[in-house]
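# Observations on the three-dimensional arrangement
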Amino acid sequence: QGLQSVLITPLNAGGKVIGTLNIGSLQSYAFSNTNINFIQQIATLLTTTIDSMLLVDRVQNLASIVESHPDAIGTGDMAGRAIYINPAGRVLFGLLEDEDVTLMEIKDFYIQEDAERFQQEGIPAALSTGSWSAEAHIRKTDGLIIPVEQTLAVIYDNKKQPVGISITLRNITNRVEAAEAQRRLSAQLEERLLQVNAMQRVMTHE
């Protein structure tokens, strides 16, 4: 195309080169050091803009996943105050769609025993290993107790300081009821077996 001078400046976004900013001139040796510095500044501005756009896309994708997730997902601060609960969590707890959860504390969603375990065991374990999982019982706004499987993780800032916690809860009522039904069936079978053995002993004696 008749270009005599070309300046190619890489665009780094997210730690990767995603493209280049290319400037051409029909003149030989067209770019002075001042020109080069200026173009590099433009490339930096472009990279910052692209980084921001990519970050917005990632945040929006994450928000979409959390909002539509079938499990209850919530966040809170390190003092134990609730910050956010997704739609599935609001249904699980019996909360209204527009109810302000920031006025609530995380411990209020649990029965007392599990609330204490959450504070005394869960948070220290998550701070130590990154996450903590256990079964627990949550209390709906109408007082109904529901068994759940929970996973607790710590949220860190860019300085690696803990600033909050995230909690994922799965309703395991069906699993618990199935296990209880199996336990009752086993107990009934054991009782029947004892009765049969007793009858056999009586018949043998006779």
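Residues numbered from 1 in each chain as written. Predicted model: local features only at pLDDT ≥ 70, side-chain atom pairs only at ≥ 80, totals over all residues. Heavy atoms only, no water.

### With respect to the packing of aromatic side chains
The tally for this structure, following the rule as stated, stands at two aromatic pairs. On the numbers, 4.5 Å between centres and 40° between planes, the contact of Phe93 with Phe109 is tilted. In this pair, Phe93 sits in helix α2 (residues 87-93) while Phe109 sits in the loop between α2 and α3 (112-129), placing the two residues 16 residues apart along the sequence. Look at Phe93 and you get buried, because its relative accessible area is 6%. A ring pair is formed by Tyr110 and Phe118, whose centres lie 5.4 Å apart and whose planes are at 35°; its orientation type is tilted. A single burial state applies to Tyr110 and to Phe118, both of which are buried. (Phe/Tyr/Trp six-rings, centres within 6.5 Å; stacked < 30°, edge-to-face > 60°. Helix = DSSP H or I, 4+ residues; strand = E, 2+ residues; numbered from the N terminus. Buried < 20%, exposed > 50% of the residue type's maximum accessible area, 1.4 Å probe, protein only.)

### Remarks on the pattern of salt bridges
All told, the structure shown has seven salt bridges when counted by the stated rule. A salt bridge links Arg170 to Asp71; its shortest N-O distance comes to 2.7 Å. With Arg170 in strand β7 (residues 162-171) and Asp71 in the loop between α1 (33-68) and β3 (72-77), the pair connects residues that are 99 residues apart, well separated along the chain. In this structure Asp71 comes out as buried when scored by relative accessible area, which is 10%. Between Arg175 and Glu135 there is a salt bridge whose closest N-O contact spans 3.0 Å. Within this pair, whereas Arg175 is found in helix α4 (residues 173-205), its partner Glu135 is found in strand β5 (residues 131-139), the two being separated by 40 residues in sequence. (Salt bridge = Lys/Arg side-chain N within 4 Å of Asp/Glu carboxyl O.)

### A few points about the side chain of Asn86
Among the secondary structure elements, Asn86 is positioned in the loop between β4 (82-85) and α2. Only 3.1 Å separates the side chain of Asn86 from the backbone oxygen of Asp71, close enough to count as a polar contact. With residues near it in sequence (within four places) discarded, Asn86 still touches Val66, His69, Asp71, Ala72 and Ile73. (Polar contact = N/O pair within 3.5 Å; in protein donor to acceptor, adjacent residues only side chain to side chain. Contact = heavy atoms within 4.5 Å.)

### So, unusual backbone geometry
With a phi close to 50°, Tyr29 is a non-glycine residue in the positive phi region. Summarising the element assignment, Tyr29 is placed in the loop between β2 (16-25) and α1. Tyr29 sits in the exposed class, given a relative accessible area of 83%. If you check the backbone angles, Lys160 has positive phi at about 65° while not being a glycine. Take Lys160: it is sitting in the loop between β6 (145-156) and β7. For Lys160, a relative accessible area of 67% puts it in the exposed group.

Purely geometric stuff here, so don't read any function into it on its own.
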